[in-house]
Amino acid sequence: MEMYHCKLFFFFILAFFCPRIAFLVVEARPSPAPATRRFHFNVEWKSVTRLCHTKKILTVNGKYPGPTISVYEGDEVEITVTNRISANTTLHWHGVRQMRTGWADGPAYITQCPIQSNRSYKYRFKIINQRGTLWWHAHLSWQRASVHGAFIIYPRMPYPFSTPIAAEIPIIFGEWWNGPVEAIVADTIMYGSGPNVSDAYTINGLPGPLYPCSVKDTFVQAVEHGKTYMIRLINAALNDELFFSIANHTMTVVEVDATYVKPFTTTSIMLTPGQSTNVLLTPDRPSKPGATFPMAVAPYATALVPFDDTTAVGFITYRDVTKGSHDDHPALIPTTPPDLSFLPGVRDTRFATEFGNRHRSLASSAYPCNVPKKVEKRVFLTISLNLQDCPPGKVCKGLNGKRFSASINNQSFALPSASVLQGYYRNITTGAPLRSDFPENPLHPFNYTSPGLDSNMNSEFGTKLLVVPYGATLEFVLQDTGFINVENHPIHIHGHNFFVVGTGFGNFDADRDPARYNLVDPPERNTVAVPSGGWAALRLKADNPGVWYVHCHLEAHTTWGLAMAFVVENGPGDSQSILPPPKDLPLC
C-alpha cells in the first residue's frame, strides 16, 4: 500500500479532506517452500499526535500500529525483540498455538520473565496447521494499548472460496488516551478504581474526523468497483467490544480467529478484544468514480459503567480506473458529518447474539471440524466482577468505597514474581510438588446471574493452577455472574484453539443445556464472547504440554484478577513433551 497526503481545505462549518489514501497493489503470493522467517522488533518510545495532544507512546520499530508479520503455514519464525525502554516488556503472538514452544508464548510471569531494559530475547516457534489472520501484542500491564500489529499466516492451499481476491486490507481497531496509559493503570492498581475510559477509537491508528483536530488523521481506502477485497479485521482495543460497518455495503464472513467458517453475509461485525475476522467486500454500489462511503467503529456495551461512547470513522473511495492503477487524485470526502445509522446500537445485544450464532466451522474434507464428541474432564468456571473490602488506612475509589477486583471461581489471579512455566519445568525435572488446587467448580453454588450487591464479594488472591493430563478432552463452561452487573466477557485461552459448542442466557443447566450443543460444525476460536448474563461451553483437546494462561481480554478485568492458568502435563512420548527452555530466556 502507498500513502498519499493531500492539502487541507475548508468548506462550510466542517471540512473533510483527503488525509491518507491507501492504494492497493495486487501481489501474487505463490506458496514457497517452508523457510525460517526472521524479524527484529525494537520496543521504543515515539512521540505521536492525536486529538490535539502529543505524547510519547510505546511502539515497535517506531510504528503505530506496529509492523505486520507475514509468514506461511509451516514456516519457522524467529522474532528478536530488543527492549529499548527503561521498563520491562514482553510480546505475545495471539492465537499462535506454540506447539511445545510455550517459552515463546509471551505473557509476563506466566511463560517467561519479562525482557529487561537493554536486553533482547529471540522468540522461536513453528506455524503448525494454522493459516489466516492473527495478531501480536505486548503482554505486560497495559502496554498493548499501542504495542500491537497484524500476524498474517498465508495458507499452503488456495483459499476455500472461488472469488478472486484483488488485494488484502488489514484493519486494526484500537483505543487512544490523551493522557499516559501508564498513569491510568497505576491509579487503578493503587486505589482499586475503575480506569478512565479512552478518548477515541482508532482505525489503523487513526481516529477520524469526528474527533478534535483529527480530520487529517482519517483512514481512507481506495477500491475499484466490482472487485473483491479481503479485509482482515482485528480488535486490539484494551477495554471495548466493537461494532464495524461500511455504509451501504454488505460483507461476507469467511474466517474467524484464523479458522475458516461457512461463509455468511452481514452488514455489521462484532469483535471482542482479541478476536479477528476476515471478510470479503465487493464494492458494487452504482456510483461515480471518487464516491466515498463511511466505515465506522463504535462500542458494543453491556456493563452499567462509564465507557467510551464515541465513533471512529474512515472511508472507502471508489477509484477512477481511467486514471491508471495509482490514481493519486484527492478523494472527495463529504463535507458534513456522515449519517451513522448503519451501525448497530451501542446496547444491541440482539444483533451481537445473532451475529455470534451464525458462525459455523467450514467442516469440509480439507478442513474438518475435530470437535471432541466425548469429554474426560468438565470444569465449571464462574466469571465475576468483585468488590474487595478496603484495607484499614487505605483509600479505595471503587464502588461504595471498596476496591474493584475480578475472579474465576472466586479466585483472583495474582501474578507471581517468577515465570510459572519455568517453575513448572524445574518441578518436573526435580520432583518438587506443584500447587494444583484450583477449584474445578464454584465452592458455593448460587444464583449466578442475580446475586445482588448485598453479597459478600471478597475473592481469594493467589496463583492456583489447574492440572490436566496430556491428551485429555476438556469442557470449560464459562458462566457470567451479576455481582456488580452482568457483562459480556471476551475470554482468551493461550496455547489451544477450542470449539464453542453452546451459548445461552441465564444460569447454565447441566441437565438441559448440553442436549442443545452443536457437535457437528461449532466455530473454532481462540477468544470467545461469554454472553452478558449467560454462559458459553467450550471443548478442546489438551494436546499442547506446558502452562497456559486463560484471561479476560478486557485489560481492566485482567488487572483486577480475572484470569487463571492451567498445566497440560507431558505425554509419554518425546514429541509430547515441552521442549527445553532456550538459552536466552529472560531471567527475573
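This one's a predicted model, so the numbers in the text were calculated from it and none came from an experiment.

A. Quick peek at the overall build of the protein. The secondary structure content of the protein amounts to four helices and 34 strands. Radius of gyration (C-alpha) of the protein: 23 Å, near the 25 Å computed for a compact globule of 588 residues. Along the three orthogonal principal directions, the C-alpha set of the protein runs to about 70 × 60 × 55 Å. Per-residue burial over the protein gives 59% buried out of 588 residues. Restricting the contact set of the protein to residue pairs at least 6 apart, pairs at least 24 apart contribute 79%. Accessible surface, the protein as shown: approximately 23100 Å² in total, 54% of it carbon and sulfur. Distance between charge centroids for the protein: 4 Å, based on 49 positive and 47 negative side chains.

B. Local environment of the nonpolar core. One finds I171, L233, F244 and I269 to be the most contacted residues of the largest nonpolar core, which totals 52 residues. Per element, the largest residue contribution to this core is six residues, and it comes from strand β20 (residues 292–300). Setting aside residues up to four positions removed in sequence, L233 forms contacts with I171, F173, F244, I269, L271, Q275, S276, T277, N278 and V279. Grouped together as the second largest cluster of nonpolar side chains are 41 residues, V71, I153, Y424 and V547 included.

C. Highlighting the pairing of strand β3 (residues 36–50). In the sheet, β3 pairs with strand β6 (residues 76–83) via eight bridges, with the strands oriented parallel. Residue pairing for β6: F41 is matched across the bridge by V81. What sits between the antiparallel neighbours β3 and strand β4 (residues 53–60) is a turn of two residues, in which L51 has the positive phi angle 55°.

D. Just the pattern of salt bridges, in detail. Across all of its chains, the model carries 23 salt bridges by this definition. The partner of D217 in a salt bridge is K216, and the shortest N-O contact between them spans 3.7 Å. When its relative accessible area of 2% is taken as the criterion, D217 is described as buried. The partner of R525 in a salt bridge is D257, with the nearest N and O atoms 3.1 Å apart.

E. Helix α2 (residues 349–357), seen in detail. The complete set of buried residues in α2 reads F351, A352 and F355. An end-on view of α2 places all buried positions within 100° of arc, on one side of the element. Buried residues along α2 sit against β15 (241–246), β16 (251–256), β17 (259–266), β18 (268–271) and β20.

F. Inspection of the UniProt feature "domain: Plastocyanin-like" (unreviewed entry) in the protein at higher detail. Within the UniProt annotation, "domain: Plastocyanin-like" (unreviewed entry) is assigned to residues 43–156, 169–319 and 445–571. As a span, residues 43–156 carries 0% helix and 46% strand, and end to end its C-alpha atoms are 32 Å apart.

Rules used in this analysis
- Residues numbered from 1 in each chain as written.
- Predicted model: local features only at pLDDT ≥ 70, side-chain atom pairs only at ≥ 80, totals over all residues.
- Heavy atoms only, no water.
- Helix = DSSP H or I, 4+ residues; strand = E, 2+ residues; numbered from the N terminus.
- Rg over C-alpha atoms; globule rule 2.2 N^0.38 Å.
- Buried < 20%, exposed > 50% of the residue type's maximum accessible area, 1.4 Å probe, protein only.
- Contact = heavy atoms within 4.5 Å.
- Areas by Shrake-Rupley, 256 points an atom, 1.4 Å probe, with all protein chains shown as cover.
- Lys, Arg positive; Asp, Glu negative; His and termini not counted.
- Charge placed at Lys NZ, Arg CZ, Asp CG, Glu CD.
- Core = buried A, V, L, I, M, F, W, Y, C linked by side-chain atoms within 4.5 Å.
- Pairing = 2+ DSSP bridges.
- Salt bridge = Lys/Arg side-chain N within 4 Å of Asp/Glu carboxyl O.
- Arc of directions from axis to C-beta.
- UniProt positions renumbered as here; feature names shortened; annotations may be inferred.

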